[in-house]
Amino acid sequence: MAIDPQFEESREVVEEHNGHDVWGPVEEPDELGIHGTHVAVDFDICLGDGACLEDCPVDVFEWVDTPGHPESEIKADPANESQCIDCMLCVDICPVDAIDVDPGRTGRK
Ligand code: SF4
């Protein structure tokens, strides 16, 4: 299952983390929601593969620990989403389609 690109319509912001919004529902540790808005990562799909983190040309992603999550215990957090240059590399290389980038969606600055 891939990230829902229409998540702004189907979800609500429930908290702020590391300078970006988190779109719920969140029920830790099993359900973590979508982190980020311009660069959105569905933490409930992310496997902690790390390709996005290694290959993003402007270092948007940082690892965060998510102990107890059924998919993986680390996630690629879009900590610097305001730096994104919309190259779409992360969207293309994510093996589980956990990332959606939309230049029309504005995250926190
Ligand atoms: S679209 Fe490009 S610049 Fe933006 S987060 Fe993904 S890899 Fe980084």
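Conventions and cut-offs
Residues numbered from 1 in each chain as written. Predicted model: local features only at pLDDT ≥ 70, side-chain atom pairs only at ≥ 80, totals over all residues. Heavy atoms only, no water. Near = heavy atom within 4 Å. 1 Å grid on protein atoms, 1.4 Å probe; cavity = no way out; pocket = protein on both sides within 12 Å on 5 of 7 lines; lining within 4 Å. Sits in = over half its atoms within 2 Å of the grid points. Pairing = 2+ DSSP bridges. Helix = DSSP H or I, 4+ residues; strand = E, 2+ residues; numbered from the N terminus. Buried < 20%, exposed > 50% of the residue type's maximum accessible area, 1.4 Å probe, protein only. Polar contact = N/O pair within 3.5 Å; in protein donor to acceptor, adjacent residues only side chain to side chain. Contact = heavy atoms within 4.5 Å. Phe/Tyr/Trp six-rings, centres within 6.5 Å; stacked < 30°, edge-to-face > 60°. Salt bridge = Lys/Arg side-chain N within 4 Å of Asp/Glu carboxyl O.

1. Considering the site of the ligand
At step 1: In the region of the ligand, 14 residues are neighbours, and Cys-56, Cys-84, Cys-87, Met-88 and Cys-90 sit closest.
At step 2: The site holding the ligand turns out to be the second largest cavity.

2. Things to note about the sheet that holds strand E1 (residues 13-17)
At step 1: Overall, antiparallel pairing links the five strands, which are arranged E1-E2-E3-E4-E7 in an open sheet. Two strands close off the open sheet at either side, each with one partner strand: E1 and strand E7 (99-101).
At step 2: Alignment of strand E2 (residues 20-23) against strand E3 (residues 34-35), held across two bridges, turns out to be antiparallel. Bridged to Val-22 within E3 is His-35.

3. A word on the side chain of His-69
At step 1: Here His-69 is to be found in the loop between strand E5 (62-65) and strand E6 (74-77).
At step 2: Residue classification places His-69 among the buried positions, given a relative accessible area of 5%.
At step 3: Side-chain polar atoms of His-69 contact the backbone oxygen of Asp-30, separated by 3.3 Å.
At step 4: Looking at His-69, its side chain comes within polar contact range of the main-chain nitrogen of Glu-71, at 3.1 Å.
At step 5: Among all residues touching His-69, those that are not within four sequence positions of it are Pro-29, Asp-30, Glu-31, Leu-32, Phe-43, Asp-44 and Lys-75.

4. Some words on the packing of aromatic side chains
Aromatic ring pairs are defined here through the distance separating the ring centres and the angle between the ring planes.
At step 1: Going through the model one piece at a time under the given rule, you end up with one aromatic pair.
At step 2: Relative to Trp-23, the ring of Phe-7 lies with its centre 5.2 Å away and its plane at 75°, an arrangement referred to as edge-to-face. Note that Phe-7 is positioned in helix H1 (residues 7-10) and Trp-23 in strand E2, a separation of 16 residues in sequence. There is no split in this pair, since Phe-7 and Trp-23 are both buried.

5. Re the pattern of salt bridges
At step 1: Scanning all chains against the criterion turns up two salt bridges.
At step 2: A salt bridge links Arg-11 to Asp-42; the nearest nitrogen and oxygen atoms lie 3.8 Å apart. Taken together, the residues span a long stretch of sequence, with Arg-11 in the loop between H1 and E1 and Asp-42 in strand E4 (residues 39-42) at a distance of 31 residues.
At step 3: Judged by its relative accessible area of 21%, Arg-11 falls in the partly exposed class.
At step 4: Ionic pairing is found between Arg-105 and Asp-100, a salt bridge with its closest N-O pair at 3.0 Å.
At step 5: On the basis of relative accessible area, Asp-100 is assigned to the buried category, the value being 17%.

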